[in-house]
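# Coordinate inspection notes
Single-letter residue listing:
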Number of protein chains: 2
Amino acid sequence: MTRGVSPGTGEFGHGAAFIYNSAVAAWAICAAWEVGALEELNTSRKLDSDEFALRHGLDRLSTLGMFRALASVEVVRRHDTTVIVTDLFDEVYRNKSFFHWLSRGSAELFRQMPSVLAEENRVGDYYRRDAAAIAFACREISAVCYDPTFWAAMDRIGTGFEVVADLGCGSGGRVMDVLRRYPGTRGIGVDIAEPSLLVARQEAADAGLAGRTEFLRADVLDLQPRPEYAEVEVLTCFMMGHDFWPKENCVATLRRLRELFPAVRRFLLGDATRTVGIPDTELPVFTLGFELGHDLMGTFMPTLEDWHSVFDQSGWDLLRTNRIEMAVGEVIFELG
Amino acid sequence: MTRGVSPGTGEFGHGAAFIYNSAVAAWAICAAWEVGALEELNTSRKLDSDEFALRHGLDRLSTLGMFRALASVEVVRRHDTTVIVTDLFDEVYRNKSFFHWLSRGSAELFRQMPSVLAEENRVGDYYRRDAAAIAFACREISAVCYDPTFWAAMDRIGTGFEVVADLGCGSGGRVMDVLRRYPGTRGIGVDIAEPSLLVARQEAADAGLAGRTEFLRADVLDLQPRPEYAEVEVLTCFMMGHDFWPKENCVATLRRLRELFPAVRRFLLGDATRTVGIPDTELPVFTLGFELGHDLMGTFMPTLEDWHSVFDQSGWDLLRTNRIEMAVGEVIFELG
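Taken together, the contacts link 90 residues of chain B with 89 residues of chain A. Contact with chain A buries area across many residues of chain B, yet Tyr20, Trp27 and Arg111 of chain B alone supply 11% of it, more than any other trio. Counting across the interface, chain B meets chain A through 10 salt bridges. Its salt-bridge partner being Asp280 of chain A, residue Arg78 of chain B comes within 2.8 Å of it at the nearest N-O pair. Seen at the junction of chain B and chain A, the total is 24 residue pairs in polar contact (both at pLDDT 80 or more).

This is how it looks when you write it as structure tokens:
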């Protein structure tokens, strides 16, 4: 006859219910982003759930349930079908891509944690993620985390270069952004995933950049010489540097890149690094999910200190370390 | 250079990071339960992560990451590899089956919310859940939520009955529990899922109850007469009553059960009901996930008032309503 579980009580000010409702809300944040509700709330600060559902062809009850999930953790406030943003909304809106990476892109990895933890299962393709959803999230993560610092680093190179190459280029966004900003330059994108390269070539064609771009399929960790590489003056590589590791491999890969790209004046290497010393209860958005996710996948994630220990053996000079640390120790190294 | 996002700050006392880390922690709660860590912490109040990982054949770093996720929302405290329970641990431990239902059993449904929301997609088998994980969670949910109230209701029937039948019996736990408690009785289990019935028959054999039980495959919503049904004096049905709805169907199903089981003296009907009037920020564990989950699946979920509106047309007398309301309006109706 009594309610056994209640939120907002107890020593910790939240209780199990807040944790539970947050897990539901994390999915609701992803869904609200994809169906356009976060954008509309960001712009209009208010919407009517029924009207929104009707306009977007969504189930009325489920849509109201999605907003109720957001309201349960005060991302919005709800009065019947009226949904109004809170101050917390803006923080969640800024961080939406990190939620998406976790709850849409990586959910199956975390869901299968019991079997993924077991040593005996950690062989072969022992986990699944949603590659398309990860790519969707990473496009915004990249823009939110790295772009301001990236363009500042590009400004320090100045103009006067003709060819840029991006390693692990995905669907080619960075290459095309650079070409748009620096008229007369040409760009090379290298990636192991042919589907991403197909998207890149199509988007380059649509943007009128087909004649200035080349997208090549190759494994950055085992790159073979190509004549095109000899002309590259600016090299970029984002969100894949941790794949160079462990240390011995990282030194070898960096040396190899120095040889394969002899004309490079500046190498901008941006990635997340494993955080050090953050108390468990003060972990910012993304860090916990990103680091546990990579541990579950068995991916080595170097610290900033790990990185600093490899450059002097690598054939590159570290000119500057840009610590971004928006969420999970993001950094851009400027190498010459 | 600044950390853009920090938890524990702002008007709401938690912030986006707490929501994010809670989503990771919800998966960690499920995993910690399945690998035995919750049981060990519940008993010993403390463990060493490395020692635990070694003893259970688990990856050391990932196991530490799992405990770090629990620590991020203060379910435990962590000093290096030492993990110590908090007061919140006990609340989470009691509610672990609800977390499991959500983050292990129903994760794919919630993950696919963007497409599940769209009216045009809501046809056929438009969502997926993990049936085995749901069954694992529901066994404990049933015990935690319903058992004390169920046995009190059984006590009110008294002894003197010979045959009990459970509709939607799953793997037969309730039938066998009743037979153990009431020597000399016989039990019939009815379920639509043959795999569950196979488990039930095996467990009955293992428990020496094969001669006293019969497990029949049938659709409770379209039940056909069988001679065995005429002898049943106590009828039970748990966690499937919402499938009887909408109202017209529910009245018809209840009337049909009255005809098919003419000797029944007492019908104990237990299920969750849709809650009414709980403010969004005070939703207890399970309610939000359960109700949004059923909205996403398009399953009608009656309120207590809805149920009270059908009994007088159904051929059954409502003798007593036991409101349990542990999480999501659980109730057991005693019908005669």
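A word on the sheet that holds strand 8 (residues 266–271) of chain B. Residues and elements named next belong to chain B. Taken in spatial order, the 7 strands make up an open sheet running 6-5-4-7-8-10-9, and their pairing is mixed. Of all strands in the sheet, those bounded by a partner on one side alone are strand 6 (213–217) and strand 9 (318–323). Mean inter-strand twist for the sheet, computed between neighbouring axes without regard to direction, equals 15°. Taken together, the 5 bridges between strand 5 (residues 186–191) and strand 6 define a ladder with parallel strand orientation. Bridge pairing links Gly187 to Thr213 in strand 6. Where helix 10 (residues 173–181) meets the sheet, it contacts strand 4 (163–167), strand 5, strand 6 and strand 7 (234–238), and its direction lies at approximately 170° from that of strand 5.

Enumeration according to the criterion identifies 45 aromatic pairs over all chains in this entry. Centroid distance Trp101 of chain B to Phe290 of chain B: 6.0 Å. Interplanar angle 40°. Geometry classified as tilted. In this pair, Trp101 of chain B sits in helix 6 (residues 96–105) while Phe290 of chain B sits in helix 13 (residues 287–296), placing the two residues 189 residues apart along the sequence. Per residue, the accessibility class of Trp101 of chain B equals that of Phe290 of chain B, and both read buried. Across the ring face of Tyr93 of chain A, the terminal group of Lys96 of chain A is positioned such that the distance to the ring centre comes to 3.7 Å.

Further remarks concern the sheet that holds strand 2 (residues 76–79) of chain B. Residues and elements named next belong to chain B. Across the sheet, 3 strands lie side by side as 1-3-2; this open sheet has antiparallel pairing. Both outer strands of the open sheet, strand 1 (46–48) and strand 2, are each paired with one neighbouring strand and no more. Across the sheet, the axes of successive neighbouring strands diverge by a mean angle of 20°, strand direction being ignored. Looking at chain direction, strand 2 and strand 3 (residues 82–85) are connected through 4 bridges and run antiparallel. Opposite Arg78, over in strand 3, you have Val83 as the bridge partner. In the packing of helix 3 (residues 49–56) onto the sheet, contacts are made with strand 1 and strand 3, and the angle to strand 1 comes to roughly 70°.

In screw terms, the move from chain B to chain A is a rotation of 180° and a rise of 0.1 Å along the axis, fitting with an RMSD of 0.1 Å. Taken together, the rotation and translation relating the two chain copies correspond to the operation of a two-fold axis. Judged by C-alpha distance, Ala23 of chain B is the residue of chain B that lies nearest the rotation axis, at 2.0 Å. Same-surface contact between copies: 99% of interface residues of chain B are shared with the interface of chain A.

What counts and how
In this numbering scheme, every chain counts its residues from 1 along its sequence in written order. Chain letters start at A and ligand numbers start at 1, both assigned in the order the entries are written. With the structure being a predicted model, the display of local features is reserved for residues of pLDDT at least 70 and the display and counting of side-chain atom pairs for 80 or more, all residues being used for whole-chain, interface and lining totals. Each side-chain value is derived from all of the structure's non-hydrogen atoms; neither hydrogens nor water enter the calculation. By definition in these notes, contact holds between two residues if any of their heavy atoms fall within 4.5 Å. Here the buried area means the combined drop in accessible surface, using a 1.4 Å probe, for two parts upon being joined, counting both sides. Salt bridges are counted wherever a side-chain nitrogen of Lys or Arg sits within 4 Å of a carboxyl oxygen of Asp or Glu. Counting of polar contacts relies on pairs of N or O atoms within 3.5 Å, with two restrictions inside protein: one atom must be capable of donating a hydrogen and the other of accepting it, and residues adjacent in sequence are counted only when both atoms are side-chain atoms. What makes two strands pair is DSSP finding at least two bridges between them. Numbering of helices and strands runs from the N terminus; a helix is a DSSP stretch of H or I covering at least four residues, while a strand is a stretch of E covering at least two. Orientation is described by lines fitted to C-alpha atoms, with helices fitted over the stretch in contact, and by angles between N-to-C directions that extend from 0 to 180 degrees. Pairing of aromatic rings covers Phe, Tyr and the six-membered ring of Trp, with a centre-to-centre limit of 6.5 Å; geometry is then stacked below 30 degrees between planes, edge-to-face above 60, and tilted otherwise. Note on classification: 1.4 Å probe, protein chains only; a residue is buried when its accessible area is under 20% of the maximum for its type, exposed when over 50%, partly exposed between these limits. In our convention, an over-ring charge means Lys NZ or Arg CZ found within 6 Å of a ring centre and within 35 degrees of that ring's normal. For this overlay, a least-squares fit was computed on C-alpha atoms, restricted to residues scoring pLDDT of at least 70 in both copies.

These figures capture arrangement, not role.
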